[in-house]
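# Coordinate analysis (summary)
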Amino acid sequence: PYPYSPSAAEKLLTDHGWKVVPNGTTSCARPGTAADQCGSGIPQGQTISFTIAAASTPSYVAARDISLASAAGKLGIKINVQTKSLDFLYNNYGHSYAPANDDKWAAQDYGSLNLAAGYPSSNTVFNTGGSFNLGGFHDPTVDKMINASTFGADPKALSAETTGIAKTLPALFF
C-alpha cells in the first residue's frame, strides 16, 4: 500500500511543514498541529535523524539499511546505521532485557524472521505480548486479526491479517 517513492516522500514532508534540503538537512519550517504543519511537539528547526541498529550477519541486512540511509540522505534525512551482532541487539536493545538503552536507537533490523514453515502468520511477532515482539508493538485491531488468522476458521483471515498489518506498519518492511 506504500510504494517506494522518494518524490512522494518529499511531497509528504513539504505538505506537512518540513523544509526539504536535498543532500543537506531537512528541518521543520512550520511547527504546529494543523495539516500543513510538522506535528505536535516538533519545534521549528527540528531535524529528522535516527539510528537503525542492524544485524551484522547476514551481510545483506546492513547493506540494505545503508542503502535506505543513502536514499534518505538525498531528502535531507540523517539515518545512522550501526551494525551489531544479533546477540548484541537482543541483549542490549530489547525493551525487556535492557530498558536503560530504550532511547539509544529508533529501529532495529535483525534480518528475516521465519517462524512457521507453511503458515505465514505474524503470531508471536506483532501481537501484544508475542514472544518475538521485541519492540513492544501493541494494536488491539492487529491482535484480533492475528487471533482470527491463527485460531479461527475463516479462510480469508490470513489475507486480512497480512493486508491489515501492511497498512498499520508495526515495522519497516523491506
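Residues numbered from 1 in each chain as written. Predicted model: local features only at pLDDT ≥ 70, side-chain atom pairs only at ≥ 80, totals over all residues. Heavy atoms only, no water.

Now for the packing of helix α4 (residues 140-151) against helix α5 (residues 157-168). Put simply, α4 and α5 touch, their axes get as near as 8 Å, and they point 155° apart. Of the possible angle classes, the one that applies to α4 and α5 is roughly antiparallel. Note on packing geometry: the crossing formed by α4 with α5 is left-handed. Of the residues in α5, those in contact with Val142, Met145, Ile146, Ala148 and Ser149 of α4 are Ala157, Leu158, Ala160, Glu161, Gly164, Ile165 and Thr168. Each residue belonging to the contact of α4 with α5 can be placed in one class, and the counts come to eight nonpolar, three polar and one charged. (Axes fitted to C-alpha atoms, helices over the stretch in contact; angles between N-to-C directions. Helix = DSSP H or I, 4+ residues; strand = E, 2+ residues; numbered from the N terminus. Parallel < 35°, antiparallel > 145°, perpendicular 65-115°, else oblique. Left-handed = near helix turned anticlockwise from the far one by under 90°. Contact = heavy atoms within 4.5 Å. Nonpolar A, V, L, I, M, F, W, Y, C, P; charged D, E, K, R; others polar.)

Next up on the list: the nonpolar core. The biggest cluster of nonpolar side chains holds 21 residues, and the ones touching the most others in it are Leu13, Trp18, Ile77 and Ile79. Looking at this core, the elements that each hand over two or more residues are β3 (49-55), α2 (59-73), β4 (78-84) and α3 (86-93). Other than its neighbours up to four places away in sequence, Leu13 contacts Trp18, Val20, Ile48 and Ile77. Grouped together as the second largest cluster of nonpolar side chains are seven residues, Val125, Val142, Met145 and Ile165 included. (Core = buried A, V, L, I, M, F, W, Y, C linked by side-chain atoms within 4.5 Å. Buried < 20%, exposed > 50% of the residue type's maximum accessible area, 1.4 Å probe, protein only.)

Turning to the sheet that holds β3, a few remarks are in order. As summarised here, the arrangement of the three strands in space is β4-β3-β5, forming an open sheet in which the pairing is parallel. Strands with a single pairing partner mark the edges of an open sheet, and in this sheet they are β4 and β5 (107-109). On average, adjacent strands in this sheet sit at an angle of 25° to one another, irrespective of strand direction. (Pairing = 2+ DSSP bridges.)

Okay, a nonpolar patch on the surface next. On the surface, a cluster of nonpolar side chains totalling about 340 Å² of accessible area is made up of Tyr2, Leu169 and Phe173. Locating Tyr2 in the fold gives a position in the segment before α1 (6-15). (Patch = residues over 30% accessible without salt bridge, like charges linked within 9 Å, V, L, I, M, F, W, Y side chains within 5 Å. Areas by Shrake-Rupley, 256 points an atom, 1.4 Å probe, with all protein chains shown as cover. Salt bridge = Lys/Arg side-chain N within 4 Å of Asp/Glu carboxyl O.)

All right, on to α2 then. Counted at 1.5 Å a residue, the expected span for α2 with its 15 residues is 21 Å, and the 21 Å between its end C-alpha atoms agrees. Those residues of α2 that sit buried are Val61, Ala62, Asp65, Ala69 and Ala72. Projected onto a plane normal to the axis of α2, the buried residues spread over an arc of 85° and lie on a single side. Packed against the buried residues of α2 are β3, β4 and β5. (Expected span 1.5 Å × (residues − 1). Arc of directions from axis to C-beta.)

This brings us to the state of the cysteines. Under the criterion given, the structure shown has one disulfide. For Cys28, the disulfide goes to Cys38, at an S-S distance of 2.1 Å. Between Cys28 and Cys38, the S-S dihedral sits near 110°, and the bridge is therefore right-handed. Of this pair, Cys28 sits in strand β2 (residues 27-28) while Cys38 sits in the loop between β2 and β3; the two residues are ten residues apart in sequence, bridging distant segments of the chain. (Disulfide = S-S within 2.5 Å.)

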